[in-house]
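# Reading the structure
As a plain string of letters, each chain reads:
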Amino acid sequence: MVKRISALVLASALTLSLAACGGGNKGGNAAPAGESGGNAATGEKKVIKILHWKQENINKAMEEINKKFEEKYPEYKVEYTTTGPDDEYKQAQRARITANDVDILADLSGMRLSPQEWTPGAKTPDWQQWIDAGLIADLSDQPFVKNWNANDIEKAGTYNGKVYAIPTGKVAMSGLFYNKQIFEENGLSVPKTWSEFIKLNDALKAKGITPIAVAGKDVWPLKLPVFALQSKILGGGNQQKWIEGVWKGETAFNDAEAIEVLEKAKTIQDNYMIDGFMGIDYASVPSIFAAGKTAMLADGSWDAPTIATANPDLKFGYFPLPATEDAAKNASFVGKYDVTWYAAEKGPNKEGALKWLEFFSEPENYTTFVKAAGFIPTQDNISTDSEFIDKELTPYLGDFELAYEIMMINRENVGEHLAAEGVHTEYLAPGGQFKTAKELADVQQKEWEAAAPK
């Protein structure tokens, strides 16, 4: 996930190029920053600029919702732009919000990583910088906010007592998809402890079946199975305690628990991943699993619709990767809030942005979205008609626990082996240069200490 590209140079280039072309992938009628783009006298439509990342199932639902919006409000035109995910999207976000060239933008998670009193010198997240700079609209008084679950709005959309964001769903990201037919035909069952998990993988290999697929080329998917390890091992199962301890000098990136996480991650990568996993991209991996080429897939629950589309006849489930020998502790997912909408305060069409969010928040339109996304709804009384959500996710949800990367608050200018709040198992062999978990852990701790405020 870590890319060696100057964020400043790329952001500047994007600011110029996106502002020049209006940022759209549909063309036509793009308004200059700060203008609505509409002209009642000529019948010219008012443009609403929405920025999102590429994710086929969600993009299709968005296009359907946008079409319905334009039919209901013919005075508006929705300009829906998508970029590549992750770093490419983050750069587009920064470029367009600071250029006042977007009306609605999605975030990769709910509000997170805000500095605390125990995090001196912590990095301030982009969303907080934008709010503090007056670039994000205050939604507190908007009637549509009441359509959303109050607890989810509080956890993922509220800052300094005001609502600035709408989190559209929750996802589990510490589990493994599994092929039920392969399991049944080979007399295998869902593992509940780490040792059972290892025995399962060894049994699959003995039968000539590749245990796990993962998209190593995109790097970030390597973290997904590690989230279970972190949540159940760090702090004895209390990540918050461990994270605060790192800041206070009471725990460390090379302490026994942190090394255990890396060692178990390396065990999975060394022994049970599909051959050549570091060359497999994220767009391809659901089809590999759906075709029955592996028994399991390390991925977030959001990809269930993609897998089902790739093979409608496939019977698959999803279980928490069991990190410890305590079956009860292992029996829950960790995850995050996904696609979170912000409205730009100084964008070309704030009025249109609020109108669009109001329309999106209507239960009928939201249901279209959440079904396509495969999210756990953040509106109450929404029926997804999803057997996957009801039978595979709900039994393991419990009290929704956030993943490490959502909870970890990083230091400013921390080294590459700790950047972006990740565990960065891509640096472990065979994909990386570190042959042992301790080698990587020691480097991470040194980088943490080097980034401490002077």
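For the structure given in this document, a descriptive report is provided here.

Counting secondary structure elements, the protein contains 18 helices and 14 strands. Dimensions along the principal axes, computed over C-alpha positions, put the protein at roughly 75 × 60 × 35 Å. Across the 454 residues of the protein, 58% fall into the buried class. Considering only residue pairs separated by 6 or more positions, the protein has 76% of its internal contacts joining residues 24 or more positions apart. Summed over all atoms, the accessible surface of the protein reaches about 18,600 Å², with 49% contributed by carbon and sulfur. Here the protein contributes 47 positively and 63 negatively charged side chains, and the mean placements of these two sets differ by 1 Å.

With respect to the element layout, Glu-88 can be found in helix H3 (residues 87–98). Once the C-alpha coordinates of Glu-88 and Trp-53 are considered, the two residues, 35 residues apart in sequence, prove to be 8.8 Å apart. Within the local environment of Glu-88, its side chain forms a polar contact with the backbone nitrogen of Gly-84, the two atoms lying 3.4 Å apart.

One open sheet accounts for five strands, arranged S2-S1-S3-S13-S6; its pairing is mixed. Two strands in the sheet have a free side with no partner beyond their single neighbour: strand S2 (76–83) and strand S6 (166–167). Looking at chain direction, S6 and strand S13 (residues 340–343) are connected through two bridges and run antiparallel. For Ile-166, the partnering residue across the bridge sits in S13 and is Trp-341. Each of strand S1 (46–53), S2 and S13 touches helix H2 (residues 56–72); the most contacted strand, S2, lies at about 170 degrees to it.

Time to look at H2. Under the 1.5 Å per step criterion, the end-to-end length of H2 is 25 Å for 17 residues, consistent within 8% with the ideal 24 Å. Within the sequence span of H2, burial applies to Asn-57, Ile-58, Asn-59, Ala-61, Met-62, Ile-65, Asn-66 and Phe-69. Here the buried face of H2 lies against S1, S2, helix H12 (304–310), S13, helix H14 (350–360) and helix H15 (363–373).

Turning to the sheet that holds strand S9 (residues 212–213), a few remarks are in order. If you trace the four strands from one edge of the open sheet to the other, you get S9-S10-S8-S11, paired in mixed fashion. Every interior strand has two partners, whereas the edge strands, S9 and strand S11 (316–320), have only one. Where strand S8 (residues 175–179) and strand S10 (residues 296–298) come together, three bridges link them in antiparallel fashion. Opposite Tyr-178, over in S10, you have Met-296 as the bridge partner.

Below, the discussion takes up unusual backbone geometry. The backbone phi angle of Asn-381 is positive, close to 60 degrees, even though this residue is not glycine. A relative accessible area of 83% places Asn-381 in the exposed class. With a phi close to 60 degrees, Asn-413 is a non-glycine residue in the positive phi region. Structurally, Asn-413 is set in the loop between helix H17 (404–407) and helix H18 (437–450).

Moving on: the pairing of S1. Among the eight residues that make up S1, eight are buried, leaving the element largely enclosed by the rest of the structure. Residues Lys-46, Ile-48, Ile-50 and His-52 line one face of S1 and the alternating positions Val-47, Lys-49, Leu-51 and Trp-53 line the opposite face, and both faces are buried. Relative to S2, S1 runs parallel, the two being bridged by eight bridges. Each residue of the ladder has a partner; that of Trp-53, found in S2, is Thr-83. Summarising the sheet, S1 and strand S3 (residues 104–107) pair through two bridges and their orientation is parallel.

This part is about the side chain of Thr-193. Looking at where Thr-193 falls in the secondary structure, it is placed in the loop between helix H6 (180–185) and helix H7 (194–206). When its relative accessible area of 9% is taken as the criterion, Thr-193 is described as buried. Of the polar contacts made by the side chain of Thr-193, one reaches the side chain of Ser-195; its length is 3.3 Å. If we skip the residues at most four places from it in the chain, Thr-193 touches Pro-322, Thr-324, Glu-325, Ala-327 and Asn-330.

Locating Asp-281 in the fold gives a position in the loop between helix H10 (256–271) and helix H11 (285–290). Residues Asp-281 and Asp-218, spaced 63 residues apart in sequence, show a C-alpha to C-alpha distance of 5.7 Å. At 3.1 Å, the side chain of Asp-281 and the backbone nitrogen of Ala-283 are in polar contact. Here Ser-284 takes part through its side chain, which lies 2.9 Å from a polar atom of the side chain of Asp-281.

The rules behind these values
Residues numbered from 1 in each chain as written. Predicted model: local features only at pLDDT ≥ 70, side-chain atom pairs only at ≥ 80, totals over all residues. Heavy atoms only, no water. Helix = DSSP H or I, 4+ residues; strand = E, 2+ residues; numbered from the N terminus. Buried < 20%, exposed > 50% of the residue type's maximum accessible area, 1.4 Å probe, protein only. Contact = heavy atoms within 4.5 Å. Areas by Shrake-Rupley, 256 points an atom, 1.4 Å probe, with all protein chains shown as cover. Lys, Arg positive; Asp, Glu negative; His and termini not counted. Charge placed at Lys NZ, Arg CZ, Asp CG, Glu CD. Polar contact = N/O pair within 3.5 Å; in protein donor to acceptor, adjacent residues only side chain to side chain. Pairing = 2+ DSSP bridges. Axes fitted to C-alpha atoms, helices over the stretch in contact; angles between N-to-C directions. Expected span 1.5 Å × (residues − 1).

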